[in-house]
Amino acid sequence: MDPRAGYSLQQVLPPQVLVGGNAIWSRYQQYPVFSWRWLAGRSLLFCSLVLVATALIGVAVALAMQSVRVGVQVWGAQFVAFSLMAMLGPALATWVRHRGWPGPRERWGVVVAVLLGMVLSYGVDHVASGYINELVKPRLASLGTTPPKVELGTVARALLLAVNLAVLAVIYGLFGGGLALRAYFSERRRWEAHRHAGELAEMATRAREADMRLGVLQAQVEPHFLFNTLASVRALVRQDPAQAEATLDALVAFLRATIPRMRDGQGMVSTLGQQLDICASYLALMEVRMGGRLSWTARVDAALRELPFPPALLITLVENAIKHGIEPRPGPGRVEITAAREGARLVVRVVDDGAGLQPGVGGGMGLANVREQLVQRFGGQASLRLQAAAGGGVVARIDVAFAALQEAARKGASR
């Protein structure tokens, strides 16, 4: 992780990403790989180990050469050389990581920096080895212990070269930053996994919040429909008791069908066909109550009936068409419901030929809830619009992207 993602390279890694222990010698691993604090801790640890190892070598050389001066010089040369070999690659990679480059460029830069550090380490090792050889050679000659020259065959030289290259690869690859490079990519994978888990948890939280909000919205809309229906029954009780009884029977059947689905949590899932059937029942009821002056139609392609569609939205638009369009105007009135696919969107229209748009219409609780549900379920991929109809009346139009409906169907199936 880097500062661009909101996490400083100088901060301790979160527990979900942290791998290093809390021991003194490994505490630097609590910081991001190739951060300055990580580099400082690693350099201190490696230089301490190099100090002890080269000091032992220096003592052995002093005893063998019978010269404290030669032993100290060999120790100093090896300490500097091995310390640089341990630090060059990681130091260059640390510089790269603090450039703030984009992810892919940073990764390539870190790899190149470590490889460049290995090449420089080879140069440092070559110079240090030459210096030590020149330092030790005269002393060996004075002691009469100059090693004899050995002539090697072609095969022996090839094997010796292969062994030396293998040893150098291990030394430069691991000691010079290879393990750190592996830790760097491992850390990035853990960050990605942590970020992905965080995104999933955030999405789940948002989904729960949306469901709770939608539940409240639906609880507001459904009593609206119920109260209007009961008001219609009340009016029928005085005019036509038999029809009032039939209406009550239909209302009981409707509640028996919807209440169990609301109790088991399935009230949040419905199809366009189910919502059209509810609207048809409501319009049939209103047709009777209004003495036959209401006519209506509901047209939809059979293939669209199984599409997922939020509950209580369509009935709210139909109720508004009756309440604000047909009832205020004397004489016959008509309501038409259509649903069709237009390009990549589902378009549902409720059209009435009533009183038309009036001041204040469109800002009530019912339409506000419709808009809120569309936002909660589909974001910016759905909308509700009211406009004047040709020849009078109002067109209420809901359009939803098919991709959003398919996503809603997938989420509904996974619950």
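Residues numbered from 1 in each chain as written. Predicted model: local features only at pLDDT ≥ 70, side-chain atom pairs only at ≥ 80, totals over all residues. Heavy atoms only, no water.

Q: Give me the pattern of salt bridges: which residues, what numbers.
A: Applying the stated criterion across every chain yields a total of 8 salt bridges. One salt bridge in this structure joins Arg345 and Asp399, with 2.7 Å as the shortest N-O distance. With Arg345 in strand S3 (residues 345-352) and Asp399 in strand S5 (residues 394-401), this residue pair connects regions lying 54 residues apart in the sequence. The exposure class of Arg345 is partly exposed, given its relative accessible area of 29%. (Salt bridge = Lys/Arg side-chain N within 4 Å of Asp/Glu carboxyl O. Helix = DSSP H or I, 4+ residues; strand = E, 2+ residues; numbered from the N terminus. Buried < 20%, exposed > 50% of the residue type's maximum accessible area, 1.4 Å probe, protein only.)

Q: Outline a nonpolar patch on the surface, listing residues and values.
A: Residues Leu116, Val119 and Leu120 make up a contiguous nonpolar surface patch of roughly 270 Å² in combined accessible area. Counting through the fold element by element, Leu120 comes out in helix H3 (residues 103-143). (Patch = residues over 30% accessible without salt bridge, like charges linked within 9 Å, V, L, I, M, F, W, Y side chains within 5 Å. Areas by Shrake-Rupley, 256 points an atom, 1.4 Å probe, with all protein chains shown as cover.)

Q: Any details on the pairing of S3? Residues and values, ideally.
A: One ladder, built from 8 bridges, connects strand S2 (residues 333-342) with S3; its direction is antiparallel. Across the sheet, the residue bridging to Thr338 is Arg349, located in S3. The antiparallel pairing of S2 with S3 creates a hairpin that spans 2 residues between the two strands, and Gly343 there sits at a positive phi of about 70°. The pairing of S3 with S5 spans 8 bridges and is antiparallel. When the bridges of S5 are listed, Val351 appears paired with Val395. (Pairing = 2+ DSSP bridges.)

Q: Residue-level account of helix H1 (residues 36-65), with values.
A: A rise of 1.5 Å per residue sets the reference length of H1, with its 30 residues, at 44 Å; its end C-alpha atoms lie 41 Å apart and thus fit the reference within 8%. Trp38, Leu39, Arg42, Ser43, Phe46, Cys47, Val50, Thr54, Gly58, Val61, Ala62 and Met65 are the residues of H1 that are buried. (Expected span 1.5 Å × (residues − 1).)

Q: Residues and numbers for the nonpolar core, please.
A: One finds Ile322, Leu346, Val350 and Ile398 to be the most contacted residues of the largest nonpolar core, which totals 38 residues. Elements with a minimum of two residues in this core: helix H6 (272-289), helix H7 (313-326), S2, S3, helix H8 (365-378), strand S4 (382-388), S5 and helix H9 (402-414). The leading source of residues in this core is H7, at 8 residues. Counting 18 residues, the second-largest nonpolar core is a separate cluster that includes Tyr28, Val96, Val114 and Leu181. (Core = buried A, V, L, I, M, F, W, Y, C linked by side-chain atoms within 4.5 Å.)

Q: Help me get a handle on the confidence of the model for the protein, residues and values and all.
A: For the protein, mean pLDDT is 78; residues scoring 70 or higher make up 73% of the total. Considering only residues more than four positions removed or in separate chains, one finds that residues 260-268, a stretch of pLDDT under 50, has 17 contacts. (pLDDT = per-residue confidence, 0-100. Contact = heavy atoms within 4.5 Å.)

Q: Summarise the sheet that holds S3; cite the residues concerned and give the values.
A: In sheet architecture, strand pairing relies on hydrogen bonds along the backbone and comes in two forms, parallel and antiparallel. Pairing is mixed in the open sheet, where 5 strands are placed in the order S1-S2-S3-S5-S4. In this open sheet, the two edge strands, each paired with only one partner strand, are strand S1 (294-300) and S4. Going across the sheet, the axis of each strand differs from the next one's by a mean of 10°, ignoring polarity. Direction of pairing for S1 relative to S2: parallel, over a ladder of 7 bridges. From the neighbouring strand, Ala298 faces S2, where its bridge partner is Ile337. Across the sheet, H6 touches S1, S2 and S3, and the angle it forms with S1 is around 170°. Contacts from H7 reach S1, S2, S3, S4 and S5 within the one sheet, and its direction differs from that of S3 by about 25°. (Axes fitted to C-alpha atoms, helices over the stretch in contact; angles between N-to-C directions.)

Q: Mind laying out the packing of aromatic side chains, listing which residues take part and the relevant values?
A: Two aromatic rings are characterised by how far apart their centres lie and by the angle between their planes. What the rule picks out here adds up to 5 aromatic pairs. Measuring from centroid to centroid gives 5.9 Å for Trp75 and Phe79, while their planes differ by 20°, and the two rings are stacked. Here Trp75 pairs with Phe79, and both are found in helix H2 (residues 68-97), just 4 residues apart, close to one helical turn. Accessibility expressed as a relative area gives 23% for Phe79, which makes it partly exposed. Linked through ring pairs, Phe34, Trp38, Tyr184 and Phe185 together constitute an aromatic cluster. Positioned above the aromatic ring of Phe46, the side-chain terminus of Arg42 is 4.1 Å from the ring centre. Note that Arg341 overlies the ring of Phe402, its terminal NZ or CZ placed 3.9 Å from the centroid. (Phe/Tyr/Trp six-rings, centres within 6.5 Å; stacked < 30°, edge-to-face > 60°. Lys NZ or Arg CZ within 6 Å of the ring centre and 35° of its normal.)

Q: Break down the packing of H6 against H7 for me, citing the residues and quoting the values.
A: In the contact formed by H6 and H7, the axes pass within 9 Å of each other and the chain directions differ by 25°. Comparing their axes, H7 and H6 come out roughly parallel. Helix-helix and strand crossings are classified by hand; for H6 and H7 the assignment is right-handed. Residue-level contacts link Gln275, Leu276, Ile278, Cys279, Tyr282, Leu283 and Met286 of H6 to Leu314, Ile315, Val318, Glu319 and Ile322 of H7. A class-by-class count of the residues in the contact of H6 with H7 yields 10 nonpolar, 1 polar and 1 charged. (Parallel < 35°, antiparallel > 145°, perpendicular 65-115°, else oblique. Left-handed = near helix turned anticlockwise from the far one by under 90°. Nonpolar A, V, L, I, M, F, W, Y, C, P; charged D, E, K, R; others polar.)

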